[in-house]
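An overview of the molecular structure
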Amino acid sequence: MALQVGDQAATTGMTKAIFDKLDEALGPGIASLPAADKETVRNGWRKLAFAIAGGVVNHITANMEIFGIQVGVQTGTGATQTGPTTGHVR
């Protein structure tokens with residue numbers, strides 16, 4: 001699964017997942033607000049979710065290290081990753 005930041009509207013990717021959790025956790029606290037005010041608050045949460053997702057995904061893809069990769073070859077012999085690999089891996 002690829003790491004995807006998502007969009008500023010919080011409809012895709014990690015941004016959506018973070019916004020959904022914020023709304024789940026904090027939504028009851030704004031239940032008594034008028035609809036327009038609720039939407040203003042949720043728009044702030046969407047921006048926050050996008051900022052968090054962008055930071056997390058960018059940090060992980062720039063700094064991940066992968067160790068111990070083993071790959072099978074069709075002939076039946078194997079190849080082993082012997083050193084660390086850093087950077088974006090797809």
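Use the structure listed above.
Everything in this summary refers to the structure shown in the same document. Counting starts from 1 at the beginning of each chain's written sequence and moves along it residue by residue. A pLDDT threshold of at least 70 governs which residues receive local features in this predicted model, and a stricter bar of 80 or more applies before side-chain atom pairs are shown or counted, although totals over entire chains, interfaces and linings include all residues. Side-chain metrics rest on all non-hydrogen atoms present in the structure, leaving aside hydrogens and water.

Considerations on the pattern of salt bridges
We define a salt bridge as a side-chain nitrogen of Lys or Arg found within 4 Å of a carboxyl oxygen belonging to Asp or Glu. Enumeration over the complete set of coordinates arrives at four salt bridges. Salt-bridge contacts for Asp 20 lead to Lys 16; the nearest nitrogen and oxygen are separated by 2.7 Å. Taken together, the residues span about one helical turn, with Asp 20 and Lys 16 both in helix H1 (residues 13-26) at a distance of four residues. Per-residue accessibility, obtained with a 1.4 Å probe over protein chains only, is compared with the maximum for each type, and a residue is labelled buried under 20%, exposed over 50%, and partly exposed between these values. A relative accessible area of 35% places Asp 20 in the partly exposed class. On the accessibility criterion, Lys 16 (34% relative accessible area) is partly exposed. In this structure, Arg 42 and Asp 23 form a salt bridge, with 2.5 Å as the shortest nitrogen-oxygen distance. Put simply, DSSP H or I for four residues or longer makes a helix, DSSP E for two residues or longer makes a strand, and each gets a number counted from the N terminus.

Brief notes about the nonpolar core
Residues Val 5, Ala 10, Ile 18, Phe 19, Leu 22, Ile 30, Trp 45, Ala 49, Ala 53 and Val 57 constitute the largest nonpolar core, which totals ten residues. Among the elements of the structure, H1 and helix H2 (35-63) are those that each provide at least two residues to this core. The leading source of residues in this core is H2, at four residues. Contact criterion: two residues are considered in contact whenever any of their non-hydrogen atoms come within 4.5 Å of each other. Contact partners of Phe 19, with chain neighbours within four places excluded, come to Ala 10, Arg 42, Trp 45, Arg 46 and Ala 49. For our purposes a nonpolar core is just a set of buried Ala, Val, Leu, Ile, Met, Phe, Trp, Tyr and Cys residues, chained together by side-chain atoms within 4.5 Å.

Overview of a nonpolar patch on the surface
Residues Leu 3, Leu 48, Ile 52, Val 56 and Ile 60 make up a contiguous nonpolar surface patch of about 340 Å² in total accessible area. The topology assignment puts Val 56 in helix H2. The partly exposed category is assigned to Val 56, whose relative accessible area is 33%. Patch membership needs two things, relative accessible area over 30% and no salt bridge, and members are linked within 9 Å if like-charged or within 5 Å if nonpolar (Val, Leu, Ile, Met, Phe, Trp, Tyr). The accessible surface values rely on the Shrake-Rupley method and a 1.4 Å probe; as for residues, cover is taken only from the protein chains in view.

Considering the environment of Ala 53
Mapped onto the fold, Ala 53 is located in helix H2. On the basis of relative accessible area, Ala 53 is assigned to the buried category, the value being 0%. As for Ala 53 and Asp 7, which are separated by 46 residues in sequence, their C-alpha atoms are 9.5 Å apart.

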